[in-house]
Amino acid sequence: MEIPLVDLKAQYNSIKDEIDKAIKGVLESTSFILGTEVERFEEEFADYCEVKYAVGVGNGTDALYLALRALGIGQGDEVVTVPNSFIATAEAITLTRAKVAFVDIDPNTYNMDPEKLDDYLEKRFARSDSRITTKPKAVVPVHLYGQPADMDSILEIARKYDLKVIEDAAQAHGAKYKGRRMGTFGDAACFSFYPGKNLGAYGDGGMVVTNDDRIAEIVRKMRNHGRSKKYEHEFEGINSRLDNLQAAVLRVKLKYLDQWNKKREKNAEIYDNFLKKIGNVINPKLLKGTKSVYHLYVIKIEEREHLQEKLKNKNIATGIHYPIPLHLQPAYNYLNYKKGDFPVSEKVCNEILSLPMYPELTKDQIDYIINKIKAFYEN
Ligand SMILES: *Cc1c(COP(=O)(O)O)cnc(C)c1O
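Residues numbered from 1 in each chain as written. Predicted model: local features only at pLDDT ≥ 70, side-chain atom pairs only at ≥ 80, totals over all residues. Heavy atoms only, no water.

1. Focus on the packing of helix α1 (residues 8-29) against helix α8 (residues 244-275)
Between α1 and α8, whose axes approach to 8 Å, the crossing angle comes to 150°. Classified by the angle between their axes, α1 and α8 sit roughly antiparallel to one another. For the pair α1 and α8, the crossing hand works out as right-handed. Across from Q11, I15, E18, I19, A22, I23, V26 and L27 in α1, the residues of α8 making contact are N244, L245, A248, V249, V252, K253, K255, Y256 and W260. (Axes fitted to C-alpha atoms, helices over the stretch in contact; angles between N-to-C directions. Helix = DSSP H or I, 4+ residues; strand = E, 2+ residues; numbered from the N terminus. Parallel < 35°, antiparallel > 145°, perpendicular 65-115°, else oblique. Left-handed = near helix turned anticlockwise from the far one by under 90°. Contact = heavy atoms within 4.5 Å.)

2. Re the nonpolar core
Generally speaking, soluble globular proteins have nonpolar side chains that are buried together. Among the nonpolar cores identified, the biggest contains 83 residues, and F41 and F45 are the most heavily contacted of them. With eight residues, the top contributor of residues to this core is α8. Two domains each put at least three residues into this core: domain 1 (8-254) and domain 2 (257-378). When near neighbours in sequence (up to four residues on either side) are disregarded, F45 contacts A54, H173, F191, F193, L199, M207, V209 and L254. Counting 33 residues, the second largest nonpolar core, distinct from the first, contains V55, A63, I215 and A216. (Core = buried A, V, L, I, M, F, W, Y, C linked by side-chain atoms within 4.5 Å. Buried < 20%, exposed > 50% of the residue type's maximum accessible area, 1.4 Å probe, protein only. Domains from an automatic or database assignment.)

3. Some remarks on the site of the ligand
If you check the shell around the ligand, you find 14 residues, and the closest are G60, T61, D168, S192 and K197. Between G60 and the ligand, the recorded distance is 2.7 Å, taken from a backbone N or O atom to an oxygen atom. T61 places a polar side-chain atom, nitrogen or oxygen, 2.5 Å from an oxygen atom of the ligand. When the free accessible area of the ligand is taken as 380 Å², the share hidden by the protein chains comes to 93%. Contributing elements (two or more residues each) for the shell around the ligand: α3 (60-70) and α4 (88-95). A class-by-class count of the residues in the shell around the ligand yields four nonpolar, eight polar and two charged. (Near = heavy atom within 4 Å. Polar contact = N/O pair within 3.5 Å; in protein donor to acceptor, adjacent residues only side chain to side chain. Areas by Shrake-Rupley, 256 points an atom, 1.4 Å probe, with all protein chains shown as cover. Nonpolar A, V, L, I, M, F, W, Y, C, P; charged D, E, K, R; others polar.)

4. Re the sheet that holds strand β7 (residues 180-181)
In a beta sheet, neighbouring strands are held together by backbone hydrogen bonds and run either parallel or antiparallel to one another. Read from one edge of the open sheet, three strands run β7-β6-β12, paired in antiparallel fashion. Of all the strands in the sheet, just β7 and β12 (290-291) have a single pairing partner and so form its edges. Inspection of the sheet shows strand β6 (residues 176-177) paired to β7 by two bridges, in the antiparallel sense. Its bridge partner lying in β7, Y177 is registered against R180. (Pairing = 2+ DSSP bridges.)

5. Side note on the sheet that holds strand β1 (residues 53-57)
Sheet architecture is open: seven strands sit in the order β1-β9-β8-β5-β4-β2-β3, paired in mixed fashion. The sheet is open, and its two borders are formed by β1 and β3 (99-102), each paired with just one other strand. Sheet twist, expressed as the average angle between the axes of neighbouring strands with direction ignored, equals 30°. Here strand β2 (residues 77-81) pairs with strand β4 (residues 135-139) via four bridges, running parallel. Among the inter-strand pairings, D77 is bridged to a residue of β4, identified as K135. On top of the sheet, α3 reaches β1, β2, β5 (164-168), β8 (188-192) and β9 (206-210); it is set at about 165° to β8, its chief contact. Against the sheet, α4 touches β2, β3 and β5, its axis set at about 145° to β3.

And the structure:
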């Protein structure tokens, strides 16, 4: 048996006819940029997320960048996020010319630790050092691995310090916190439709969702050269539009998203039930009142490299999301963080391991993986 980390082919095969028909429809319409499929998908995705507006953009990184810009973030501002994320979260902040700042994660959920955020902001606003020229203006919590961050606490702290909140929901399509979909908590939320995400296009794609009329309107113009009419530009924007082909694919897939997420949850349950009893493996810990969509199934284990090697030899693919915390990435040398600044993130990065996780993963495949993990501990 050979088990990949994700299996996009299995998913395509399960909906091939519908996808092929949708793609053909766009080809025949020759409407490729924005267009009616995009408009419909924006409406359907807004409904799905239970928000007023959804604006389709080129990718998840641009979604974050555009949401931050629409909220007025730029030069002289600081935006706080976590070191345990994909680089895009921090990149989007820098793209606005704001400065990135990190706070550490919770050792159980691996998401932003609200206490660390509060401590950091308290110190940051108390300091009257004239050499510091930037001010925290926004916070970007990440719902990593499909698991909601502690939004009530984060929102309360953000209110206290008058910060904007932009959710990075790139891994959390459909996840819930206290019964509400992720994407409805912040001033805006950002999704990615990178092919491997829970809702994935056949290329790049992204979305900004918000309940705020003004933010929606600014993002809508900014993604399309600041256009108000065809050749009238209210301001300088960028070119970051969701294309009609991707929207057509995403419209087909959106209908299956809940069903696919449920299968991921079932698979996670099988893993959980087995791993709870195994050696020193720590299975994913969810915050009370949250529903993860298991974009990734991430375990923590001290002998990570050893287990990964053993599984690889049995043709089981695994991943590490992510092996280097952002503050220690060469790209962020200029921020002058050092080893030891965020001990929880640093320790977690050394011990996490993503097991194969996708809706089409069969019971036989999971049993095979489980048996190989068992064998690892028996030897
Ligand atoms: C995928 C991802 C992004 C970026 O999305 P792209 O569509 O690849 O630009 C941002 N943040 C997180 C947490 C992601 O996983």
